[in-house]
Amino acid sequence: MMSREEALELVEEHLSNRNLIKHVLAVEAIMRALARKFDGDEKAWGMAGLLHDLDYERTGDTPEKHGYITVEILEDSDLSEEIKHAILAHAGHVERNSLMDKAIYCSDPVTGLIVASALMHPTKSLSGMDTDFVQRRFKEKRFAAGADRDAISSCGDLGMELQDFIELSLNAMNGISRQLGL
């Protein structure tokens, strides 16, 4: 399988927005944590998270192509079809069949909710926040309105309660807080 270093090179090649790069790193961290929880392949789940938005800057005006161009970019790679399917599933283009599909679908938007929560928290950091703080922000529909609450709530498809999913996600992002600048 492609190494993480090779994947990071692709991220740097295809994404110029630093916040978007931080986002894919955050999704990778959450996906790895979920893989550990569900006895999944941590490297594969992390790879799906790291690479899922390679085409984001190119598909801003054509969201219906989001994910498909990423899969084209990865066509000649040795990544599994499961990873490519998860990339399409995160964008809602295919059914979410596997745990990896379901995990990436809810992990993608929760990063935005957590980052926005950290930025408005008095400490302006992940380490100063707790799960309850993020969960209260979740209930404020106009807060971080771009963070799709329905997609985040789909963590239930993994058999996880929202509070547990937010806690796992916050802990995963806290583990890379220096890379995220939070």
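Scroll up a little and you will see the structure.
Presented here is a report on the structure given in the accompanying data block. None of the values given here were measured: they were computed from a predicted structure. (Residues numbered from 1 in each chain as written. Predicted model: local features only at pLDDT ≥ 70, side-chain atom pairs only at ≥ 80, totals over all residues. Heavy atoms only, no water.)

### As for the overall build of the chain
At step 1: Each helix and strand in the chain was counted, giving 10 helices and 0 strands.
At step 2: Reading the chain from its N terminus to its C terminus gives the helix and strand order α-α-α-α-α-α-α-α-α-α.
At step 3: For a compact globule of 182 residues, the expected C-alpha radius of gyration is about 16 Å, and the chain comes in at 15 Å, within 12% of that figure.
At step 4: For the chain, the spread of C-alpha atoms along the principal axes amounts to about 45 × 35 × 30 Å.
At step 5: Counting across all 182 residues of the chain, residues that qualify as buried make up 51%.
At step 6: When contacts within the chain are restricted to residue pairs at least 6 apart in sequence, long-range pairs at least 24 apart make up 62% of them.
At step 7: Accessible surface, the chain: about 8800 Å² in total, of which carbon and sulfur atoms supply 45%.
At step 8: Within the chain, one finds 20 positive and 32 negative side-chain charges whose respective centroids are separated by 8 Å. (Helix = DSSP H or I, 4+ residues; strand = E, 2+ residues; numbered from the N terminus. Rg over C-alpha atoms; globule rule 2.2 N^0.38 Å. Buried < 20%, exposed > 50% of the residue type's maximum accessible area, 1.4 Å probe, protein only. Contact = heavy atoms within 4.5 Å. Areas by Shrake-Rupley, 256 points an atom, 1.4 Å probe, with all protein chains shown as cover. Lys, Arg positive; Asp, Glu negative; His and termini not counted. Charge placed at Lys NZ, Arg CZ, Asp CG, Glu CD.)

### A few points about helix α9 (residues 162-174)
At step 1: If you check α9, its first and last C-alpha atoms are 18 Å apart, about what 13 residues at 1.5 Å a residue would give, namely 18 Å.
At step 2: Where the residues of α9 are buried, they touch α2 (18-37), α6 (99-120), α7 (131-139), α8 (149-153) and α10 (177-180). (Expected span 1.5 Å × (residues − 1).)

### Description of the pattern of salt bridges
At step 1: In this structure the tally under the stated criterion is 7 salt bridges.
At step 2: A salt bridge links R4 to E28, with the nearest nitrogen and oxygen atoms 2.7 Å apart. In this pair, R4 sits in helix α1 (residues 4-14) while E28 sits in helix α2, placing the two residues 24 residues apart along the sequence.
At step 3: Here R4 falls in the partly exposed class, since its relative accessible area comes to 27%.
At step 4: One network of salt bridges, in which partners are shared, links R4, E28, R32, R36 and E42. (Salt bridge = Lys/Arg side-chain N within 4 Å of Asp/Glu carboxyl O.)

### Some points on the packing of helix α3 (residues 42-51) against α6
At step 1: Orientation of α3 relative to α6, taken along the N-to-C sense of each, is 40°, at an axis distance of 11 Å. Between α3 and α6, the angle is such that the two are oblique. The way α3 lies across α6 gives a crossing that is right-handed. On the side of α3, the interface is formed by A44, W45, A48 and G49, while α6 contributes L99, M100, A103 and I104.
At step 2: Looking at the contact of α3 with α6, its residues break down into 7 nonpolar, 1 polar and no charged. (Axes fitted to C-alpha atoms, helices over the stretch in contact; angles between N-to-C directions. Parallel < 35°, antiparallel > 145°, perpendicular 65-115°, else oblique. Left-handed = near helix turned anticlockwise from the far one by under 90°. Nonpolar A, V, L, I, M, F, W, Y, C, P; charged D, E, K, R; others polar.)

### Regarding α7
At step 1: Listed as buried for α7 are T131, F133, V134, Q135, R137 and F138.
At step 2: In this fold, the buried residues of α7 make contact with α6, α8 and α9.

### A closer look at the packing of α3 against helix α5 (residues 81-90)
At step 1: As a packed pair, α3 and α5 sit with axes 9 Å apart at the nearest point and diverge in direction by 40°. Classified by the angle their axes make, α3 and α5 are oblique. α5 is crossed by α3, and the crossing has right-handed handedness. Contacts between α3 and α5 involve A44, M47, A48 and L51 from the first element and I83, A86 and I87 from the second.
At step 2: Grouping the constituent residues of the contact of α3 with α5 by class yields 7 nonpolar, no polar and no charged.

### Here we look at the nonpolar core
At step 1: Ranked by internal contacts, the top residues of the largest apolar core, which has 60 residues, are L34, L51, L126 and F165.
At step 2: Elements that contribute at least two residues to this core include exactly α1, α2, α3, α5, α6, α7 and α9.
At step 3: Of all the elements, α2 adds the most residues to this core, at 12 residues.
At step 4: Excluding anything up to four places from it in sequence, F165 contacts I30, L34, C106, S107, V110, I152, C155 and M160. (Core = buried A, V, L, I, M, F, W, Y, C linked by side-chain atoms within 4.5 Å.)

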